[in-house]
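Here is how the chains run, residue by residue.
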Amino acid sequence: MRVVLEMETGAEAGFALAAKLKLRGVLLPLTALAVEPDNLTETACARWRQAAAAHGATITGLTGVLAGAARHLAGGETTRAAARARVQAAIRLCTELGARLACCELPAWDTLRGKLRAEQAETLAAEVLRACGPLAESRRVTLCVSGDDAGAAERLVQKVNHPNIRLACDGAVLERLAKPVVHTRLVRARPGDDPARLGKRLAALGYDSWLALRLGGENDLAAARTWLKEFRAVSSDLEKRS
């Protein structure tokens with residue numbers, strides 16, 4: 001299992017925190033680097049890679065790649081095309097940054113305006129994401145989708161049916177998923193979550209993909225250190241027993 005730091009704000013602060021926590025990977029919000037994914041030049045991407053490397057870290061992935069535009073997944077044809085282009089641009093940006101994950105939030109289908117039923121909106125969104133699958137696969141990037149309703153997000157992943165379109169979810173909802181290990185590539189936790197319980201849950205499932213500890217900033221450092229120590233202790237103990 002690969003444990004990384006997920007920052008809610010800031011890039012440089014994330015690299016520094018990762019070094020203090022002895023984590024080599026950092027998930028960053030796209031907005032910490034650029035307003036649009038195609039705004040960064042190759043030179044700028046190289047600078048960000050160097051900034052991470054200076055702290056002994058790498059950029060594992062980008063979050064919020066559809067921030068403010070998630071509803072476009074189920075919009076009109078032109079709007080959906082724009083959403084597809086934005087996701088594809090984020091995937092290409094991941095390649096430039098050396099990142100492996102691109103994460104986006106799904107809208108709640110029942111909040112969309114218009115006459116679309118939830119099933120129709122889900123089908124339209126699935127078509128957009130499925131169209132991004134080949135590029136993600138060729139770039140070795142996994143697009144991780146998440147939403148307030150983890151079950152609905154999992155159904156969407158099933159409907160897309162592409163190995164590079166997977167689920168990101170909180171550890172607390174894993175038991176509510178139909179196939180958590182098959183469909184999930186990123187599990188998220190916060191310092192307030194029970195590290196022992198999560199460690200045992202992941203071990204019981206045989207989960208071995210990405211785990212992200214989400215932090216707001218330096219104020220979370222002490223709690224994060226304690227959380228990681230307890231999580232690693234449980235994981236190590238479970239490995240010895242197996």
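Note that the structure is a prediction, hence the values are computed from the model and not measured.

Topic: the overall build of the chain
Thought 1: Within the chain, the secondary structure is distributed over 8 helices and 8 strands.
Thought 2: Against the 2.2 N^0.38 benchmark of 18 Å for 242 residues, the chain shows a C-alpha radius of gyration of 18 Å, consistent with a compact globule.
Thought 3: Along the three orthogonal principal directions, the C-alpha set of the chain runs to about 50 × 45 × 30 Å.
Thought 4: Sorting the 242 residues of the chain into buried and exposed places 50% on the buried side.
Thought 5: For the chain, restricting intrachain contacts to residue pairs at least 6 apart in sequence, the fraction spanning at least 24 positions comes to 68%.
Thought 6: Carbon and sulfur atoms make up 48% of the accessible area of the chain, which totals about 11,700 Å².
Thought 7: Across the chain, 35 positive and 27 negative side-chain charges occur, with their mean positions spaced 3 Å apart.

Digging into the environment of Leu33
Thought 1: Inspection of the secondary structure puts Leu33 in the loop between strand E2 (25-29) and helix H2 (42-53).
Thought 2: When the C-alpha positions of Leu33 and Ala44 are compared, they lie 9.2 Å apart, and in sequence the two are 11 residues distant.
Thought 3: Setting aside chain neighbours within four positions, we find Leu33 in contact with Ala11, Leu28, Leu40, Trp48, Leu62 and Leu97.

Focus: the sheet that holds strand E6 (residues 165-170)
Thought 1: The 8 strands are arranged E1-E2-E3-E4-E5-E6-E7-E8 in a closed barrel whose pairing can be described as parallel. Strand-to-strand twist of the sheet, defined as the mean angle between neighbouring strand axes without regard to direction, takes the value 30 degrees.
Thought 2: Pairing of strand E7 (residues 184-189) with strand E8 (residues 210-215), which is carried by 4 bridges, proceeds in the parallel orientation. Looking at the pairing, Val187 lines up with Leu211 of E8.
Thought 3: Taken strand by strand, helix H1 (residues 12-21) contacts strand E1 (2-7), E2, strand E3 (58-63) and E8, and its axis lies near 145 degrees from that of E1.
Thought 4: The strands touched by helix H3 (residues 77-97) within the sheet are E3, strand E4 (101-105) and strand E5 (142-146), with E3 carrying the most contacts at an inclination of about 170 degrees.

Focus on the packing of H2 against H3
Thought 1: Put simply, H2 and H3 touch, their axes get as near as 9 Å, and they point 55 degrees apart. Judged by the angle between their axes, H2 and H3 are oblique. From H2, Glu42, Cys45, Trp48 and Arg49 reach across to H3, where they touch Leu93, Glu96 and Leu97.
Thought 2: Residue classes in the contact of H2 with H3 are distributed as 4 nonpolar, no polar and 3 charged.

Describing the pattern of salt bridges
Thought 1: Inspection of the entire model under this criterion finds 8 salt bridges.
Thought 2: One salt bridge in this structure joins Arg188 and Glu105, with 4.0 Å as the shortest N-O distance. Taken together, the positions of Arg188 in strand E7 and Glu105 in strand E4 put the pair 83 residues apart, joining distant regions of the chain.
Thought 3: You can call Arg188 buried: its relative accessible area is 5%.

Let's talk about the side chain of Glu6
Thought 1: On the secondary structure map, Glu6 appears in strand E1.
Thought 2: Once residues lying within four places of it in the same chain are set aside, the contact partners of Glu6 are Leu27, Thr63, Arg188, Ala212, Leu213, Arg214 and Leu215.

Considering the state of the cysteines
Thought 1: Under the defined criterion, the tally for this structure stands at 0 disulfides.
Thought 2: Here Cys45 is not disulfide-linked; the sulfur of Cys94 is the nearest cysteine sulfur, at 9.9 Å.
Thought 3: No disulfide involves Cys94; its nearest neighbouring cysteine sulfur is the one of Cys103, lying 8.2 Å away.

Remarks on the pairing of E3
Thought 1: When you tally the buried positions in E3, you get 5 out of 6 residues, the bulk of the element.
Thought 2: Taken together, E2, H2 and E3 constitute a β-α-β crossover, and its handedness is right-handed.

Considering the environment of Asn161
Thought 1: Mapped onto the elements of the fold, Asn161 is located in the loop between helix H5 (150-160) and E6.
Thought 2: In this structure the C-alpha to C-alpha distance between Asn161 and Lys179, which are 18 residues apart in sequence, comes to 13 Å.

Each value, and the rule that gives it
Residues numbered from 1 in each chain as written. Predicted model: local features only at pLDDT ≥ 70, side-chain atom pairs only at ≥ 80, totals over all residues. Heavy atoms only, no water. Helix = DSSP H or I, 4+ residues; strand = E, 2+ residues; numbered from the N terminus. Rg over C-alpha atoms; globule rule 2.2 N^0.38 Å. Buried < 20%, exposed > 50% of the residue type's maximum accessible area, 1.4 Å probe, protein only. Contact = heavy atoms within 4.5 Å. Areas by Shrake-Rupley, 256 points an atom, 1.4 Å probe, with all protein chains shown as cover. Lys, Arg positive; Asp, Glu negative; His and termini not counted. Charge placed at Lys NZ, Arg CZ, Asp CG, Glu CD. Pairing = 2+ DSSP bridges. Axes fitted to C-alpha atoms, helices over the stretch in contact; angles between N-to-C directions. Parallel < 35°, antiparallel > 145°, perpendicular 65-115°, else oblique. Nonpolar A, V, L, I, M, F, W, Y, C, P; charged D, E, K, R; others polar. Salt bridge = Lys/Arg side-chain N within 4 Å of Asp/Glu carboxyl O. Disulfide = S-S within 2.5 Å. Right-handed = clockwise from strand over helix to strand, strands pointing away.

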